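Fold and geometry: a report
These are the residues of each chain, in order.
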Amino acid sequence: MQSKPQTQRVKRLLQADRLFGITSVPVPSVLREVVDDGAKGAGVLSTGTVSVDSKRTQLDVLDREQVRGCEKCRLCEKRTNTVFGDGDANARLMFIGEGPGFDEDRQGVPFVGRAGQLLNKMIAAMGLKREDTYICNIVKCRPPNNRDPAADEVIACTPYLHDQIRIIEPDVIVALGAPASKMLLDTQTGIGRLRGRFHDYHYTNLSDEAVSISLMPTYHPAYLLRSPSEKKKAWDDLQMVMKLLGLPMPKR
Ligand code: SF4
């Protein structure tokens, strides 16, 4: 059974969306299908607790229906594949980088090159498997020559990331590198000053509540490959994340 008040709330938002061309409270596009077709997506709005299967379905629909064919910014022109995300739809821990690189563009999977291998090791050091987490980027198409995404590209693509966060609702976000950290925290402060402590990432959840997620900025694995002496600081950041998640701490 669907929860009537919640369904009606989303319907009202969608009516406002259609009338004014805007949505004051963002509604993930995947929910539009659920509301437009009451028979679809059973469970998504039913209890306020979204099942893992529903989350996976919502992510799949968002990827398949919107991201793969997206041409909202110039990054679509040279991509081989869009790179949506990878991992557990019910993950408590979400890693967010700035954008796909060469290997990711070829394979359509985030963090699979050398930096991805280092990220896998960082996750293993936390006592987790890559598939226990969810990994994605701010922009879903590769910026040429691995440059940072431009401001207009970030603006065009972040609605997809916001929907991913709203669907997954992780306990902790780790922002990998300066561009992701600055974008998510809406600041110009450098990564060296942002890292080492938790920040609040504010967003509106699917129940129309203003909530926040603990966000830890840390160095991007690609930077750590170039500057291995900074690995200790990144490990310090990840241990703070482990503590917050209640994961067993490594013995000294
Ligand atoms: S980077 Fe994002 S907004 Fe730009 S074309 Fe790719 S999916 Fe669309």
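Now for a description of the structure that goes with this document. (Residues numbered from 1 in each chain as written. Predicted model: local features only at pLDDT ≥ 70, side-chain atom pairs only at ≥ 80, totals over all residues.)

A closer look at the overall build of the protein
To keep it simple, the criterion reads: Numbered from the N terminus, helices here are DSSP runs of H or I no shorter than four residues, and strands are runs of E no shorter than two. Exposure classification rests on a simple neighbour count of other C-beta atoms within 10 Å of a residue's own: a residue reaching 20 or more is buried, one at 12 or fewer is exposed, and one in between is partly exposed. C-beta atoms are placed from the backbone. Here, residues touch in the contact sense if the C-beta positions derived from the backbone fall within 7 Å of one another.
Secondary structure assignment for the protein yields 10 helices and six strands. Each of the 252 residues in the protein was classed as buried or not, and the buried ones make up 40%. The contacts of the protein with a sequence gap of at least 6 include a subset with a gap of at least 24, amounting to 68%.

So, the site of the ligand
Just so we agree on the cut-off: Near residues are defined by distance alone, with the backbone-placed C-beta atom required to lie within 6 Å of the molecule or strand. Polar here means any residue outside two lists: the nonpolar Ala, Val, Leu, Ile, Met, Phe, Trp, Tyr, Cys and Pro, and the charged Asp, Glu, Lys and Arg; Gly therefore counts as polar.
Looking at the ligand, there are 14 residues lining it, with Cys70, Cys73, Cys76, Cys141 and Cys157 nearest. By residue number, the principal contributor to the shell around the ligand is helix 6 (residues 151-168), which donates three residues. For the shell around the ligand, the class distribution of residues is nine nonpolar, one polar and four charged.

Comments concerning the environment of His202
Position of His202 relative to the elements: it lies in strand 5 (residues 199-204). On the basis of neighbour counts, which here come to 13 C-beta atoms within 10 Å, the residue His202 falls in the partly exposed class. Residues His202 and Ser212 lie 10 residues apart in sequence; the distance between their C-alpha atoms is 4.3 Å. His202 has contacts with Ala210 and Ser212, leaving out every residue within four places of it along the chain.

Some details on the sheet that holds strand 4 (residues 172-176)
So the rule is basically this: For two strands to pair, DSSP has to find at least two bridges joining them. Lines fitted to C-alpha atoms define the axes, with helix axes restricted to the stretch in contact, and inter-axis angles between N-to-C directions lie between 0 and 180 degrees.
The six strands lie next to each other as 1-3-2-4-6-5, forming an open sheet whose pairing is mixed. In this open sheet, the two strands that pair with only one neighbour each are strand 1 (86-87) and strand 5. The pairing of strand 2 (residues 93-97) with strand 3 (residues 134-137) spans four bridges and is parallel. Pairing of Ile96 across the sheet is with Cys136, part of strand 3. Along the sheet face, helix 7 (residues 178-185) touches strand 2, strand 4, strand 5 and strand 6 (210-218) and points at about 130° away from the line of strand 4.

So, the pairing of strand 6
Sheet topology places strand 4 next to strand 6; five bridges connect them, and they run parallel. Note on strand 6: the bridge partner recorded for Ile173 is Leu215. As paired elements, strand 5 and strand 6 share six bridges and run antiparallel to each other. Bridged to His202 within strand 6 is Ser212. As consecutive antiparallel partners, strand 5 and strand 6 are separated by five residues, and within that stretch Asp208 has a phi angle of approximately 70°, a positive value.

Overview of the environment of Phe198
Its place among the elements puts Phe198 in the loop between helix 8 (191-194) and strand 5. For Phe198, a count of 16 C-beta atoms within 10 Å translates into the label partly exposed. Not counting residues up to four positions away in its chain, the partners in contact with Phe198 are Ser214, Leu215 and Met216.

A look at helix 5 (residues 114-125)
Side chains three or four residues apart in an α-helix point the same way, a direct result of the helix having 3.6 residues per turn. Counted only if it meets this: Any helix carries an expected span of 1.5 Å times its number of residues minus one. It is the directions from the helix axis to the C-beta atoms that the arc portrays.
Between the first and last C-alpha of helix 5 there are 17 Å, a value that for 12 residues agrees with the 16 Å anticipated at 1.5 Å per step. For helix 5, the complete set of buried residues consists of Ala115, Gly116, Leu119, Met122 and Ile123. Burial along helix 5 is one-sided: seen end-on, the buried residues are contained in an arc of 110°. Elements that come into contact with the buried residues of helix 5 comprise strand 2, helix 9 (221-226) and helix 10 (231-245).

Function-wise, these values are silent; they only describe arrangement.
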